[in-house]
Amino acid sequence: MTARLSRSRDRAGFGTRVLLAAGAAGALLVCGTTMVTLSAVPAPAALTAQAEPRVMAGRDLYLTGCSSCHGPDGRGTERGPTLAGVGAASADFFLTTGRMPLDEPRDQAQRKQPAYSRPEIDQLVAYVASLGPGPEIPHVDPKSGDLPEGFELYANNCASCHSSAGAGGALGHALIAPSLGKATPTQVAEALRIGPGSMPVFGPDVLDEHQVASVVRYVDYLQDPADPGGLSLGRLGPIPEGFVAWVVGLGLMLVFIRWIGTTE
Amino acid sequence: MTDNAPPDHAPGGSTHDADVVDPAEVVATAERRIAISFVVATVAALGLAGVYVAGGQAQAEGALLFVSLGGVGVGLVLWGGHLLGEEEVTDQRKDLEATEEEQEAIGEALHTDQPEGRRKFLGRLLGAAAAALGLAALFPVRSLGPSPGNRLRRTAWTPGARLIDQDGRLVRVDTVSRDGIVTVFPEGRTEAADSQAVLVRVDAEAMRHRPGRETWAPEGNVAYSKICPHVGCPVGLYQAPTHELVCPCHQSTFDVLDGARPLFGPATRSLPQLPLAVDPEGFLVAQADFDEPVGPGFWTRDR
Amino acid sequence: MIRSTIAWIDDRLGGSSFTRTALKKVFPDHWSFMIGEVALYCLMILIITGVYLTFFFVPASDEIVYRGDYAPLHGVKMSAAYASTLDISFGVRAGLVMRQMHHWAALVFIAALVIHMCRVFFTGAFRRPREINWIVGVTLLLLSIANGFFGYSLLDDLLSGTGVRVGYSIALSVPVAGTWLAFLFFGGEFPAVEFITRFFVLHVLILPAMIVGLLTAHLAILWRQKHTQFRGPGRAEDNIVGSRLWPTYALKSVGLFFLVAAVLAGLGGLAQINPIWLYGPYDPAQAAAATAGSQPDWYVGWLDGALRLLPGWEIRAFGYTIANPFFPGGLLPGLTFMGMYLWPFIERRFTKDYASHNLLDRPRDAPARTALGAAMLAFYGVLFFAGGNDILSNIFRVAPEKITTLFRVVLFLGPAAVFFITRSACRGLARSGAHPTEGPVGSRIRRTPSGGYEDVGEDH
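Residues numbered from 1 in each chain as written. Chains lettered and ligands numbered in written order. Predicted model: local features only at pLDDT ≥ 70, side-chain atom pairs only at ≥ 80, totals over all residues. Heavy atoms only, no water.

## Structural notes on the confidence of the model for chain A
All names here are of chain A. The condition is simple: Per-residue confidence from the prediction method is given by pLDDT, with values spanning 0 to 100. Each helix corresponds to a stretch of at least 4 residues labelled H or I by DSSP, and each strand to a stretch of at least 2 residues labelled E; elements are numbered beginning at the N terminus. Here, two residues are considered to be in contact whenever any of their heavy atoms come within 4.5 Å of each other.
On average, chain A scores 82 in pLDDT, and the residues at 70 or more come to 80%. Averaged pLDDT values for the elements of chain A fall to 44 in helix α1 (residues 2-10) and rise to 95 in helix α10 (residues 209-222). Long-range and interchain partners of residues 1-10, a stretch whose pLDDT sits below 50, account for zero contacts in this model, where long-range means more than four residues apart. Low confidence marks residues 39-44, where pLDDT is under 50. Its contacts with residues over four positions away, or in another chain, come to seven contacts.

Structure follows, in structure tokens:
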């Protein structure tokens, strides 16, 4: 009897334990969400009903920086396409990669330092989203993706343009599929959904959410892959390898035999 | 007559002329260098053994092997070059051409005492036997592979075969969004390499159908063989704005809106088009197999 | 110790006089004569590392599910061959260094072969009596290129698999017998998975045996005929000046072997080559993919460049097709090697020089030959760079179409320009000529008893 009493005093009751567990889970959830939002990549702000002032601020920025090509009402001109229906994902992609604003519409847009700050981008995104319904900014957690699945999807869908190592490649007409070295997870997901530039669109029926997360995780891996063999030589394949074989390999051999043999 | 001053004598007593190097010094320096090389090589080799035992690391292994092997090499070269008293020697070459006497001697050695006619005839029979045997010896080569037959003209696509993607999911008429591309196979046959096709979604109004192909692309879903007619690489690059399929190997470019006609590059023919239809449940199906052989050209392709 | 060993062997084989002559054999010391040795030692490294790899490589096309050390490919279906290569790279201690050494050695080996062939060509060493050795040498080059191709295709990765597909299509395009050639060699319609086992037999057994056999003949002929030498003081057609095999030449040569091994080992550990884990396995049905920037190893690169440069031309007549890939993939290499084989015989038709030569030309002494050789190098060099047109397009942001067109023009103008420039450079050099190895140019004269002078002969 004494033993039973001491047991019940030393251990908390069942209900208490459930409450503690729920509290811990809730705390973890809060911590996790906070960590995601505080992570190095500035997460895009959610578009909620309180966004009206943001839309107006975005419109002001738009009129200054974008309307000369995309038109005063966002419906496009001969210099730039309509933005109605491109969605928040498009705007966010082009602005965070610095591809827009674009100086010369005929050139292929390239990754640059973004011209706007994060709050300004949020405002512009809000304005563009208000022009018409379109793809929302995807929320993707790379860790939820599966690395081998990401490899297979990447090899089947992406490697023929962006190369197996993510180093980029040539398309026709002086266009290139860019290197993926600086792409953030959100930007990768956005690009898949909107098909920027020459890129095809990979809609939700072709790549579902989990598959997108896997691709994102694999692209993330490619930004710093295992290079157990030594210097990566740019991961461009046999051509730089051939150069090294001739210049370093054969070159050193020729140096040695010049040293060993006579020269007359 | 000018008095040619004798060369300066350095206090040590040895002849010191800027152009003459003391041979003993050379040898001593060489010995020192050789010794250092071999010692460095030994240390590196021991280090290599240590790295290996500790679990191995490619860069360390490579670097240590380089030093170790290089040390031995340098030492040996220096030894051969400086310690052996380098001297140039001259040797005579023998004339390799056979003299008349030698040629006659060989002729005599080859000669056999045989009557002309019958032996010549027997010789010819031997030749025939050898040729026939040689020919027969080629027959096992036939076992190396099947006859081409019709294999190059047929793929696994059959009338009514439903389209699936690489994960085995059925493709509906609206699965692929505009400007999207997906690789498809006949249902159940994702291992059929010759059947691989790309399904592209374009604006139905913009399609310029070849005669007889008006029904082949329902609602802008158009499918072509993915195997490049040049040397067979999979044509996986799709440039949406210009509606061009580009082959990553040698940059052959095909116009999706015009029956995948080759616009640029070494490809000489269009990609064969797969005739599509929509079944009652809304899935995309093939009307029939491709109407021409897929892939690279061959001698009897047009027959 | 060496002495007693040799004596022991000699005692049993009775080769004393041979051994004596062998040890005293003279070899000229010019540095350019060692290029062939560099190639020989690269081959030795290839064989040593190759034998090691053969213990671990699985030459089978059976599909397995990967469960090894490289995490991103866990659960991916691949051939046993590819999986075993991953195991060599990630699972076997020092396996990656061995594999990379083997691959670097192959690249440097063929580079050395090409430079060696150039040395022989530009100095006219292929002339009588060395035509046989030239033919043996060209065959060695051909076999080595083929063996390299089979070797890197064994791994069954995405990049080399694309190359096998190209090879299959070239075989297919051969007129008349193409389909049979492809089906018999590869074992069926593409992707005939038999090819892994067949390439393995070719790469490990048949071709190395042929290479070693021909190489032995090559060295034996060289030994018998004695090496050529450059002109110089004391050198003539009927003598040979240099150092003795033993001890000088042998020591330096063995030293060179270690230096060659050292460079290849350094590359093998410090410079990554062919990271097949990034390409993934070649599965033409499942993957149905190729990577942007697909190029073969450099010594096949000229063929790939030719495939890219030839416009979409095809011959179709009477229901028969000679498909496009036949011209750059079959005809071009056929003509190339035929030209190389026949060169000694072609050249002497033009020079009318049927004499025996043991003394070498300086390249400038034969302007036409040197210019032609330089032009040919330029031609194949342009083809090589054309093989990387998409990479050049990426770097310079010029359309691949423009780069291809540019290369097509340069392919013909370039070698022509090189020919004329080289020829006049040779002539200029020969004329102006500081010719450091030629002694006084003039005649040997002798005083006759009657007091006059007579010309006895030219002295170089």
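## Digging into α10 of chain A
We count it as follows: Expected helix span is computed as 1.5 Å times (number of residues minus one). The buried label goes to any residue with under 20% of its type's maximum accessible area, the exposed label to any with over 50%, and the partly exposed label to all in between, with areas taken from a 1.4 Å probe on protein chains only. What qualifies as a polar contact is a pair of N or O atoms within 3.5 Å, subject to a donor-acceptor requirement within protein and to the restriction that residues adjacent in sequence count only when both atoms come from side chains.
With 14 residues, α10 of chain A extends 20 Å from end C-alpha to end C-alpha; this agrees with the ideal 20 Å at 1.5 Å per step. Taken across its 14 residues, α10 of chain A has ten buried, putting it largely inside the fold. The set of residues buried in α10 of chain A consists of Gln211, Val212, Ala213, Ser214, Val215, Val216, Tyr218, Val219, Tyr221 and Leu222 of chain A. If you follow the buried residues of α10 of chain A, they end up packed against α7 (147-157) and α9 (185-194) of chain A together with α11 (276-279) of chain C. With a side-chain oxygen positioned 3.1 Å from the backbone nitrogen of His210 of chain A, the residue opening α10 of chain A is Asp208 of chain A.

## Considering the packing of helix α5 (residues 87-96) of chain A against helix α6 (residues 118-130) of chain A
All names here are of chain A. Just so we agree on the cut-off: Here an angle of 0 to 180 degrees is reported between the N-to-C directions of two axes, which are lines fitted to C-alpha atoms, with helices fitted over the stretch in contact. Helix crossings get a hand from a simple test, with the near helix turned counterclockwise from the far one by less than a right angle marking a left-handed crossing and a clockwise turn marking a right-handed one. Gly is put with the polar residues, along with every residue not named as nonpolar or charged; the nonpolar set is Ala, Val, Leu, Ile, Met, Phe, Trp, Tyr, Cys and Pro, and the charged set is Asp, Glu, Lys and Arg.
Where α5 meets α6, the axes come as close as 8 Å, and the angle between the chain directions of the two elements is 145 degrees. The handedness of the crossing between α5 and α6 comes out as right-handed. Here Gly87, Ala88, Ala91, Asp92, Leu95 and Thr96 of α5 come into contact with α6, specifically with Arg118, Ile121, Leu124, Val125, Val128 and Ala129. The class makeup of the residues in the contact of α5 with α6 is eight nonpolar, two polar and two charged.

## A short note on the interface of chain B and chain A
Put simply, the rule is: Buried area: the accessible area, evaluated with a 1.4 Å probe, that two parts lose upon being put together, summed over both parts. The working definition used for a salt bridge is a side-chain nitrogen of Lys or Arg within 4 Å of a carboxyl oxygen of Asp or Glu.
At the junction of the two partners, chain B supplies 26 residues and chain A supplies 23 residues. Between chain B and chain A the total buried area reaches about 1,900 Å² when both faces are included, carbon and sulfur atoms providing 54% of it. Across the chain B-chain A interface, the total number found is one salt bridge. The shortest N-O distance in the salt bridge between Arg169 of chain B and Asp208 of chain A comes to 3.9 Å. Connecting chain B to chain A are seven residue pairs in polar contact (both at pLDDT 80 or more). Elements supplying a minimum of two residues to the side of chain B that touches chain A: α2 (58-83), β3 (181-186) and β6 (237-239) of chain B. Here the element with the most residues in the side of chain B that touches chain A is α2 of chain B; it accounts for five residues. Tallied by class, residues from the side of chain B that touches chain A come to twelve nonpolar, eight polar and six charged.

## Considering a negative patch on the surface
All names here are of chain B. Put simply, the rule reads: A patch consists of residues whose relative accessible area exceeds 30% and which take part in no salt bridge; residues with like charges are grouped when within 9 Å of each other, and nonpolar side chains (Val, Leu, Ile, Met, Phe, Trp, Tyr) when within 5 Å. In short, Shrake-Rupley with a 1.4 Å probe defines the accessible areas, and a residue's cover is counted only from the protein chains shown. Asp and Glu are treated as the negative residues and Lys and Arg as the positive ones, with His and the ends of the chain left uncounted. A single reference atom marks each charge: NZ on Lys, CZ on Arg, CG on Asp, CD on Glu.
Together, Asp95, Glu100, Glu101, Glu102, Glu104 and Glu108 give the surface a local cluster of negative charge. When you line up the elements, Glu101 lands in helix α3 (residues 100-110). Using a relative accessible area of 61% as the deciding quantity, one classes Glu101 as exposed.

## Observations concerning the state of the cysteines
Residues and elements named next belong to chain B. Spelled out, the test is: Any pair of cysteine sulfurs within 2.5 Å is marked as a disulfide.
Counted according to the given criterion, the structure contains one disulfide over all chains. In this model Cys233 forms its disulfide with Cys249; the gap between the sulfur atoms is 2.0 Å. A torsion of -85 degrees about the S-S bond marks the disulfide between Cys233 and Cys249 as left-handed. One end of the pair, Cys233, is in the loop between β5 (221-225) and β6; the other, Cys249, is in the loop between β7 (244-246) and β8 (253-255), with 16 residues separating them in the sequence.

## Quick notes on helix α4 (residues 80-90) of chain C
With nine of eleven residues buried, α4 of chain C lies mostly within the body of the structure. Inspection of α4 of chain C places Ala80, Ala81, Tyr82, Ala83, Ser84, Thr85, Leu86, Ile88 and Ser89 of chain C among the buried residues, and these make up the whole buried set.

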